[in-house]
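Here are the chains, one letter per residue:
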Amino acid sequence: MSIPRYRGHFGPAQAERLLWRAGFGPRKGEARALSKLGLDDAVHSLTHPGPEKLVGRPPRTDKGLKLAPRDAYGHDHLWWLDRMVRTSRPLTERMTLVWHDWFATSENGVGSAKLMLAQNELFRRHALGNFRFLLHSVTADPAMLIWLSGAENEKDAPNENYARELMELFTLGEGNGYTEADVRQQARALTGFRYEWKEGRGPVNFRFDQHRHDNGVKTVFGKKGRFTWRDACNLCLDHPAHGRFVVEKLWSYFIPTPPSARTRRELELMYRDDYEIRPLLDVILRHPALYLGPRMMKQPIVYTAGLLRALGRRVETEAWVWLADEAGQRLFYPPNVAGWDDARWLDTATFRGRWAIANEALEKFTLEQKGKTPLKVPLKVPRKPETIVANALYLLGSPRIRPETHNTLVQFARAAMSDANEDWKRDEYPPLVLNAVRQLLAVSPDLQTS
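Predicted model only: the values in this text are computed from it and were never measured.

Conventions used here
Residues numbered from 1 in each chain as written. Predicted model: local features only at pLDDT ≥ 70, side-chain atom pairs only at ≥ 80, totals over all residues. Heavy atoms only, no water. Helix = DSSP H or I, 4+ residues; strand = E, 2+ residues; numbered from the N terminus. Rg over C-alpha atoms; globule rule 2.2 N^0.38 Å. Buried < 20%, exposed > 50% of the residue type's maximum accessible area, 1.4 Å probe, protein only. Contact = heavy atoms within 4.5 Å. Areas by Shrake-Rupley, 256 points an atom, 1.4 Å probe, with all protein chains shown as cover. Lys, Arg positive; Asp, Glu negative; His and termini not counted. Charge placed at Lys NZ, Arg CZ, Asp CG, Glu CD. Patch = residues over 30% accessible without salt bridge, like charges linked within 9 Å, V, L, I, M, F, W, Y side chains within 5 Å. Salt bridge = Lys/Arg side-chain N within 4 Å of Asp/Glu carboxyl O. Core = buried A, V, L, I, M, F, W, Y, C linked by side-chain atoms within 4.5 Å. Axes fitted to C-alpha atoms, helices over the stretch in contact; angles between N-to-C directions. Parallel < 35°, antiparallel > 145°, perpendicular 65-115°, else oblique. Pairing = 2+ DSSP bridges. pLDDT = per-residue confidence, 0-100. Left-handed = near helix turned anticlockwise from the far one by under 90°. Nonpolar A, V, L, I, M, F, W, Y, C, P; charged D, E, K, R; others polar. Expected span 1.5 Å × (residues − 1). Arc of directions from axis to C-beta.

A. Expanded view of the overall build of the chain. Within the chain, the regular secondary structure consists of 23 helices and four strands. Radius of gyration (C-alpha) of the chain: 25 Å, near the 22 Å computed for a compact globule of 450 residues. Principal axes of the C-alpha set define a box for the chain whose edges measure 90 × 60 × 40 Å. When burial is assessed residue by residue, the chain has 56% of its 450 residues classed as buried. Expressed as a percentage of contacts within the chain between residues at least 6 apart in sequence, the contacts between residues at least 24 apart total 75%. Element-wise, carbon and sulfur atoms account for 51% of the exposed surface of the chain, whose accessible area totals about 20,200 Å². Each charge class in the chain was averaged separately, 66 positive and 54 negative side chains, and the resulting centres sit 5 Å apart.

Written out as structure tokens, the structure reads:
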């Protein structure tokens, strides 16, 4: 295999980028510890994790109650955010998010948190596994059957929704090697699923009913046969365009620039051998483009989970639900069947959401004036601009930032402290400046990207 491999220095900076791209950022000291393993063992620890162990205290609501993800508004989002924060298997959880975006399904259309959570567990089980098994499982998944009308697709009234997205979004790419006739024929092959509605329980008893299935001959991609729903999936998997589609789409979740033609071909050959995802990740996470290429914008939920991990905080407020909405990424609610648009993460509205996320994450560390009495500054609150910036960096897990960002923060702190020319200001300004520098660091371009 001739795929390039990163052979440069693998230190804390490279380990930090790896943990952000293949997870949700490092906890304090984690990047340095991972760097000591070396590139190969570091990547192996992510792609071959041990049993799941959630680190830290369980999540709670503002009132200290346990979450009810199946029943309470927004608790599904909080439940998954908590897993991202406390997971010991960051790549598994990150790939669960990848599949949620790839096979985007929204509770807005499904109407059942229970079914959405079950689909989430499906993605987690197959996170690093076989794409063929994943595709078959998703096709028969109850949430997907409702979302894309799969359970309304019967031989007397074929519904093309899932057939179209199966090819356009999940396996081949828009207009890539299929025709409208293929869509119609695939819809026939996918007929047969159904469920029942029970009062007080909602949709139940999802199953394949042979009597609803069109058992006639279909023609798909020029091939004829009495194709079933599994055949519909396999025809896409065997299509010449499928390997390239999977490789390029998977790559894009970890590296913002496309792979070279040689790398793409080699990855495609690997994938075509058995449809396994883990070997592709092993190569992508060792590729020079990940470590030497441009920085990549963090998704809002990745940014949020990473802040909480760095600060050692847990999920203990329902504010994370509306903050996610403001930042543009509410879990279990992708905007449409195509998932989230990574090219549109930042605008004036969503950046305000990120500012509010940082403010909420830092809230427990904020020093404030109490009542009308000027705050008595503890000795531990730094007064020198350089020390104020160092304090902010330490609090946020000592992230690597550019020299120009460091200098800008120092200049800000120096200018703010220079105004403390009265006795009461000398006491009150240091904690206020420290608060401001922490907030500015958290929303800086360096922490918005990895």
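The discussion continues.
B. Expanded view of unusual backbone geometry. For Phe221, which is not glycine, the phi torsion reads 55 degrees and is therefore positive. Turning to its location among the elements, Phe221 is positioned in the loop between β3 (218-220) and β4 (223-225). You will see that Ser398, though not glycine, has its phi angle at about 55 degrees, which is positive. With respect to the helices and strands, Ser398 occurs in the loop between α20 (385-395) and α21 (403-418). Residue classification places Ser398 among the partly exposed residues on the basis of a relative accessible area of 35%.

C. Looking closely at a positive patch on the surface. The grouping of Arg70, Lys114, Lys198 and Arg201 at the surface amounts to a positive patch. The residue Lys114 is located in helix α7 (residues 113-125) in this model. Residue Lys114 is classed as partly exposed on the basis of its relative accessible area, which comes to 46%.

D. Focus on the nonpolar core. Leu18, Met95, Trp99, Trp102, Phe103, Phe131 and Phe254 are the most contacted members of the largest nonpolar core, which totals 132 residues. Considering every element that reaches this core, the biggest residue donor is helix α17 (residues 300-311), with seven residues. Not counting chain neighbours up to four residues away, the residues in contact with Met95 comprise Ala127, Leu128, Leu250, Phe254, Ile277 and Leu281.

E. Quick peek at the packing of helix α18 (residues 319-327) against helix α19 (residues 348-362). It is the contact of α18 with α19, at a shortest axis distance of 7 Å, that shows an interaxial angle of 150 degrees. When the axis of α18 is compared with that of α19, the two are roughly antiparallel. Residues Ala319, Trp320, Leu323, Glu326 and Ala327 of α18 form the contact with α19, whose participating residues are Ala349, Thr350, Arg352, Gly353, Arg354, Ala356, Ile357, Glu360 and Ala361.

F. How the structure looks around the pairing of strand β2 (residues 202-208). Here strand β1 (residues 193-198) pairs with β2 via five bridges, running antiparallel. If you follow Lys198 over to β2, its bridge partner there is Gly202.

G. Geometry of the confidence of the model for the chain. Here the chain shows a mean pLDDT of 94. Residues at 70 or above account for 95%. Every residue in residues 369-379 is under pLDDT 50, and counting partners more than four places away or in other chains gives twelve contacts.

H. Highlighting a nonpolar patch on the surface. Together, Met297, Leu346, Phe351 and Trp355 give the surface a local cluster of nonpolar side chains, amounting to about 330 Å² of exposed area. Tracing the sequence through the fold places Met297 in the loop between α16 (288-292) and α17. When its relative accessible area of 30% is taken as the criterion, Met297 is described as partly exposed.

I. Inspection of the packing of α20 against α21 at higher detail. Orientation of α20 relative to α21, taken along the N-to-C sense of each, is 125 degrees, at an axis distance of 8 Å. When the axis of α20 is compared with that of α21, the two are oblique. Classified by chirality, the crossing of α21 by α20 is right-handed. Residues Pro385, Glu386, Ile388, Val389 and Leu393 of α20 touch α21, and the partners they reach there are His406, Leu409, Val410, Ala413, Arg414 and Met417. Here the contact of α20 with α21 is composed, by residue class, of eight nonpolar, one polar and two charged.

J. Up close: the pattern of salt bridges. All told, the structure shown has 27 salt bridges when counted by the stated rule. Residue Arg313 is joined to Glu316 by a salt bridge in which the shortest nitrogen-to-oxygen separation is 3.3 Å. Ionic pairing is found between Arg330 and Asp325, a salt bridge with its closest N-O pair at 3.3 Å. Classification of Arg330 by relative accessible area gives buried; the value is 7%. Among the charged side chains, a salt-bridge network with shared partners connects Glu52, Arg83, Glu93, Glu121 and Arg124.

K. Representation of α21 within the structure. Helix length check: α21, at 16 residues, gives a terminal C-alpha distance of 22 Å against a target of 22 Å (1.5 Å per residue), a fit within 8%. Thr405, Leu409, Val410, Ala413, Ala416 and Met417 are the residues of α21 that are buried. The buried residues of α21 occupy an angular sector of 135 degrees when the element is viewed end-on, so they sit on one face. Opposite the buried face of α21, at more than 90 degrees from it, the exposed residues are Pro403, Gln411 and Ser418.

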